[in-house]
Amino acid sequence: MVDAFGLIADLATWSPWMPFALAIQQAPRLPGVYLARHTATGPLVYVGMAGERRGQGIKGRLTVYYRGKAAVSGLGEAALDRALSDLEWLRQRVAEVEAGHPRRAASWAQDAIHHADLHISWATTADRETAVALERGALTALASASLWNRGR
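Position numbers for residues start from 1 in each chain and track the written sequence from start to end. Side-chain atom pairs in this predicted model are given and counted only at pLDDT of 80 or more, local residue features only at pLDDT of at least 70, and totals for whole chains, interfaces and linings cover all residues. Water and hydrogen atoms play no part in the side-chain values, which are based on all heavy atoms of the structure.

A. Spatial organisation of unusual backbone geometry. Residue T39 is not a glycine yet carries a positive backbone phi of 70 degrees. Strands here mean DSSP runs of E at least two residues long; helices mean DSSP runs of H or I at least four residues long; both are numbered from the N terminus. Examined against the element boundaries, T39 turns out to sit in the loop between strand 2 (32–38) and strand 3 (44–50). Unusually for a residue other than glycine, D117 sits at a positive phi of about 50 degrees. Within the element layout of this structure, D117 appears in the loop between helix 6 (105–115) and strand 4 (118–124).

Shown next as structure tokens:
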């Protein structure tokens, strides 16, 4: 089995892998590409891009996911889809509702990101256009990998 990260390691200078919560603290407010893998040593599961939107860059994009504010796009949607297919995770959410403690969709999306046990690495770029090109190059190199990305 080929390590998917090995296929793209030379495309950019990537940060060290770190747990999602730590990545949010350390991620730059610059455009670039971020990678997610399941667990500290698990498989690469997602490639995403963060542009220059409101000057928040990679940090801003990861924060949106971590707070559950992107349940229907990108990594947030992929994590929620997987959580909803995990019967034990779903049973816990149903038990909360049955106990009279329903929560908002953003809260469930936040739980899904935590449940995914993701570790993050990133590479910054000069601008959005370069980030788009790096993401495209990574996704092309990983065409045969089992990623959570849709529509690639």
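From this point on, the discussion continues.
B. Geometry of the pairing of strand 3. Throughout this description, buried means an accessible area under 20% of the type-specific maximum (1.4 Å probe, protein chains only), exposed means over 50%, and partly exposed covers the range between. For strand 3, the tally of buried residues reaches seven of seven residues, placing the bulk of the element in the interior. Two strands qualify as a pair provided that DSSP identifies no fewer than 2 bridges between them. As paired elements, strand 2 and strand 3 share six bridges and run antiparallel to each other. Of the residues in strand 3, the one forming a bridge with R37 is L44.

C. The arrangement of the environment of Y46 in detail. Tracing the sequence through the fold places Y46 in strand 3. Taking the relative accessible area as the measure of exposure, Y46 reaches 8% and is therefore buried. Residues Y46 and D117, 71 residues apart in the sequence, show an inter-C-alpha distance of 13 Å. Within the local environment of Y46, its side chain forms a polar contact with the backbone nitrogen of L75, the two atoms lying 3.3 Å apart. Polar contact criterion, stated in full: a pair of N or O atoms within 3.5 Å, where within protein one must be able to donate a hydrogen and the other to accept it, and residues adjacent in sequence count only if both atoms are side-chain atoms.

D. Representation of the packing of helix 5 (residues 87–98) against helix 6 within the structure. Axes here refer to lines fitted to C-alpha atoms; in helices the fit is confined to the stretch in contact. Angles between the N-to-C directions go from 0 to 180 degrees. Orientation of helix 5 relative to helix 6, taken along the N-to-C sense of each, is 150 degrees, at an axis distance of 12 Å. With respect to helix 6, the axis of helix 5 lies roughly antiparallel. Two packed elements cross with a definite hand, and for helix 5 against helix 6 that hand is right-handed. Of the residues in helix 6, those in contact with W89, R93, E96 and V97 of helix 5 are W108, D111, A112 and H115. The classification used treats Ala, Val, Leu, Ile, Met, Phe, Trp, Tyr, Cys and Pro as nonpolar, Asp, Glu, Lys and Arg as charged, and all other residues, Gly among them, as polar. Tallied by class, the residues present in the contact of helix 5 with helix 6 amount to four nonpolar, one polar and three charged. These descriptions rest on fixed angle ranges, namely under 35 degrees for roughly parallel, over 145 for roughly antiparallel, 65 to 115 for roughly perpendicular, and the rest for oblique. It is the rotation of the near helix from the far one that decides the hand of a crossing: anticlockwise by less than a right angle makes it left-handed, clockwise makes it right-handed. The contact definition used throughout considers only heavy atoms, calling two residues in contact when any of these lie within 4.5 Å.

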